[in-house]
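# Observations on the three-dimensional arrangement
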Amino acid sequence: MRDFVDGSAFNYEQGQRARKLFAAVVLAALDDAIADDKKYGNGPEQIARWARSRDGREVLSCAGIDPNERVVGGLMEFVSKGIRTSVALSREESERRMAAEEAEAA
């Protein structure tokens, strides 16, 4: 029984590592689309094309993201904002957004 539990825990950890790897691929695709948007002006269309492709849907699924049209719209909106993923995920950006929302609500 103990071996089964250890094996299950190991498999769960492996799955989580794989999910993080695929999430990193999604973030890289977003950064590429943002770069395309700044250079060519077609970033949202590029990320939408990728997310709707077979490979894109597979990567999104493996990252734990349901590849539906709502997600595609969110990816397009994120790319159109033009904020790099490393900046968007940083603590400073999060605090800045929270302060802006509080100021807007007041």
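Per an unreviewed UniProt entry, the protein chain goes by DUF6280 family protein and derives from Thioclava kandeliae.

### Topic: the nonpolar core
Grouped together as the largest cluster of nonpolar side chains are 14 residues, with contacts concentrated most on Val26, Leu30, Ile47, Ala51, Leu60, Leu75 and Val79. Among the elements that line this core, the one with the most residues is helix α1 (residues 2-39), at five residues. Leave out the neighbours within four places in its chain, and Ile47 touches Ala29, Leu30, Ala33, Leu75, Met76 and Val79.

### Overview of the pattern of salt bridges
Think of it this way: side chains of opposite charge can pair up when their charged atoms draw near. Under the counting rule described, the total for this entry stands at four salt bridges. The salt bridge partner of Lys81 is Glu77, with a shortest N-O separation of 3.8 Å. Here Glu77 and Lys81 lie together in helix α4 (residues 69-81), a separation of four residues that amounts to about one turn.

### Things to note about helix α3 (residues 54-62)
Turning to α3, its buried residues number three or more, namely Gly56, Val59 and Leu60. Buried positions in α3, seen along its axis, are confined to an arc of 100 degrees and lie on one side of it. In this structure, α3 carries Arg54 and Glu58 as exposed residues pointing more than 90 degrees from its buried face. At the C-terminal side of α3, Gly64 shows a positive phi close to 85 degrees.

The rules behind these values
- Residues numbered from 1 in each chain as written.
- Predicted model: local features only at pLDDT ≥ 70, side-chain atom pairs only at ≥ 80, totals over all residues.
- Heavy atoms only, no water.
- Core = buried A, V, L, I, M, F, W, Y, C linked by side-chain atoms within 4.5 Å.
- Buried < 20%, exposed > 50% of the residue type's maximum accessible area, 1.4 Å probe, protein only.
- Helix = DSSP H or I, 4+ residues; strand = E, 2+ residues; numbered from the N terminus.
- Contact = heavy atoms within 4.5 Å.
- Salt bridge = Lys/Arg side-chain N within 4 Å of Asp/Glu carboxyl O.
- Arc of directions from axis to C-beta.

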